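Observations on chain architecture
The chain contents come next:
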Amino acid sequence: MSVFSLKLDISDNRYFNGKHSPLFSREEAHKALKFHEKITGYHPTPLYDMKDLAALFGVRNILVKDESQRFDLNAFKILGGSYAIAHLLCEKYNMDINDFSFEKLKSTLTEKMTFATTTDGNHGRGVAWAARALGQKAVVYMPKGSAQERVNHITGLGAECIVTDMNYDDTVRLTMENAKKHGWIVVQDTACEGYTKIPTWIMQGYTTLAAEAVAQMKEMKIQRPTHVLLQAGVGAMAGGVLGYLVDEFGAKNLHSIIVEPDLADCLYRSSLKGEIVNVGGDMATIMAGLACGEPNPIGWDLMRNCATQFISCEDAVAALGMRVLGNPYGKDSRVISGESGAVGLGVLAAVNYHPERAELMARLGLNSDSVILVINTEGDTDTKHYREVVWEGKNPAQKY
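Residues numbered from 1 in each chain as written. Predicted model: local features only at pLDDT ≥ 70, side-chain atom pairs only at ≥ 80, totals over all residues. Heavy atoms only, no water.

Our focus in this paragraph is the sheet that holds strand 6 (residues 160-163). Across the sheet, four strands lie side by side as 6-5-4-7; this open sheet has parallel pairing. Strand pairing shows two members of the sheet lacking a second neighbour, strand 6 and strand 7 (185-186), which therefore form its edges. This element, helix 7 (residues 168-182), spans strand 4 (114-118), strand 5 (137-142) and strand 7 of the sheet and lies at about 160 degrees to strand 4. (Pairing = 2+ DSSP bridges. Helix = DSSP H or I, 4+ residues; strand = E, 2+ residues; numbered from the N terminus. Contact = heavy atoms within 4.5 Å. Axes fitted to C-alpha atoms, helices over the stretch in contact; angles between N-to-C directions.)

Here's what the structure looks like:
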């Protein structure tokens, strides 16, 4: 067996108290799930039980929730954008969210609206989809270095897309300024002072994938996960999903690990200090969807209370995860996973082939009884880069 060492900096959460948030309860998750079930084309994304890989890595189960199959958009982000926009319109027109449908509202809307957002790709695609479904306009800003294919996905849905010369967080500020100037409605997944309602709805929308996964586990006769690895940019998905799982199973019964790229590890650094720490600069990680330097305060509060550990890792960890998922072991299912989607599985692979495997397994509480849930949040949303990694060996795992 090959042995190689990839950078995995692990922070044990010294501020853990197990206090969960009522904003991300089982009740809220099932409201979001009921909403998404009514959207044309909805179906639960698969939850794959990678039995052969689990046996190779010395654990009981590795469960991969494959969000690359969400509404033919190749990523999970539509769950948040669609739910937030629906809530916005229900509030504006005094509608019950349980009676909402994009088709019904499109035929009755007389006021033209513009939804604005900042994205590394997937969130903007979800907002553009929802705007088109309502016959409205979307303006999407992207940070410098964004892949042309991701831009094309957004413009292909009828939205205007502007790539800036700024990093993600500065682009968010630009979006806010321009929206205020033009009277646009901002649909952003990070909160700031005076802007919390929409990010909360977005995070609640993401809980649908977790509610699906729990139901699928029950169908598999799996009682619960012992571990969950959640990748984080601003921490909206990680916070929402963790909040639901904590309400379902209890924070002390779930070993939860938040994973970030080392070039944008704001939550990892925040975990060391116990308060929000921002990261600046270009954040030039291949994990474009996680290249965010300022935590969502709503997600951070929940993670500070309920996450077990935080990991900051190098890009080669995500690349390793992409290769393992795309070239399955034994009879396991093949999963096409993009850079941000693969990093959770990449951490498990990096641990398995590390020269200090036994110590890392113990540090992460992994053993033959472990049932591990990972979320593939995106597919090959940048196919050129996907092939550079998986076919051409970009960001290799160096042998020890």
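Picking up after the structure, the text goes on.
Its location among the elements puts tyrosine 244 in helix 9 (residues 236-249). Accessibility expressed as a relative area gives 1% for tyrosine 244, which makes it buried. Sequence spacing of tyrosine 244 and leucine 23 is 221 residues, and the spatial spacing of their C-alpha atoms is 8.9 Å. (Buried < 20%, exposed > 50% of the residue type's maximum accessible area, 1.4 Å probe, protein only.)

Moving on to the nonpolar core. Counting 96 residues, the largest nonpolar core has Phe100, Leu134, Val187, Leu230, Leu242, Leu245 and Ile258 as its most contacted members. Per-element accounting of this core gives the leading share, eleven residues, to helix 8 (residues 197-219). Leave out the neighbours within four places in its chain, and phenylalanine 100 touches Phe35, Lys38, Ala86, Leu89, Cys90, Met95, Leu105 and Leu134. In this structure, Met50, Ile62, Met322 and Leu366 belong to the second largest nonpolar core, which totals 47 residues. (Core = buried A, V, L, I, M, F, W, Y, C linked by side-chain atoms within 4.5 Å.)

Right, let's get into the side chain of asparagine 296. Tracing the backbone shows asparagine 296 in the loop between helix 10 (266-273) and helix 11 (297-306). The class for asparagine 296 is buried, based on a relative accessible area of 0%.

Before going further, it helps to spend a moment on the UniProt feature "domain: Tryptophan synthase beta chain-like PALP" (unreviewed entry) in the chain. With numbering matched to this structure, UniProt assigns "domain: Tryptophan synthase beta chain-like PALP" (unreviewed entry) to residues 41-350. This span, residues 41-350, is 44% helix and 14% strand, and a straight line between its end C-alpha atoms measures 36 Å. (UniProt positions renumbered as here; feature names shortened; annotations may be inferred.)

Moving on: the pattern of salt bridges. One pass over the full model with this rule turns up 23 salt bridges. The residue glutamate 212 makes a salt bridge to lysine 65 at a minimum N-O spacing of 2.8 Å. On the criterion of sequence distance, the pair formed by glutamate 212 in helix 8 and lysine 65 in strand 3 (residues 61-66) is long-range, its members being 147 residues apart. You can call glutamate 212 buried: its relative accessible area is 4%. Note that lysine 394 and glutamate 388 form a salt bridge whose closest N and O atoms lie 3.8 Å from each other. Accessibility expressed as a relative area gives 19% for glutamate 388, which makes it buried. Each of Lys65, Glu67, Arg70 and Glu212 takes part in a single network of salt bridges with overlapping partners. (Salt bridge = Lys/Arg side-chain N within 4 Å of Asp/Glu carboxyl O.)

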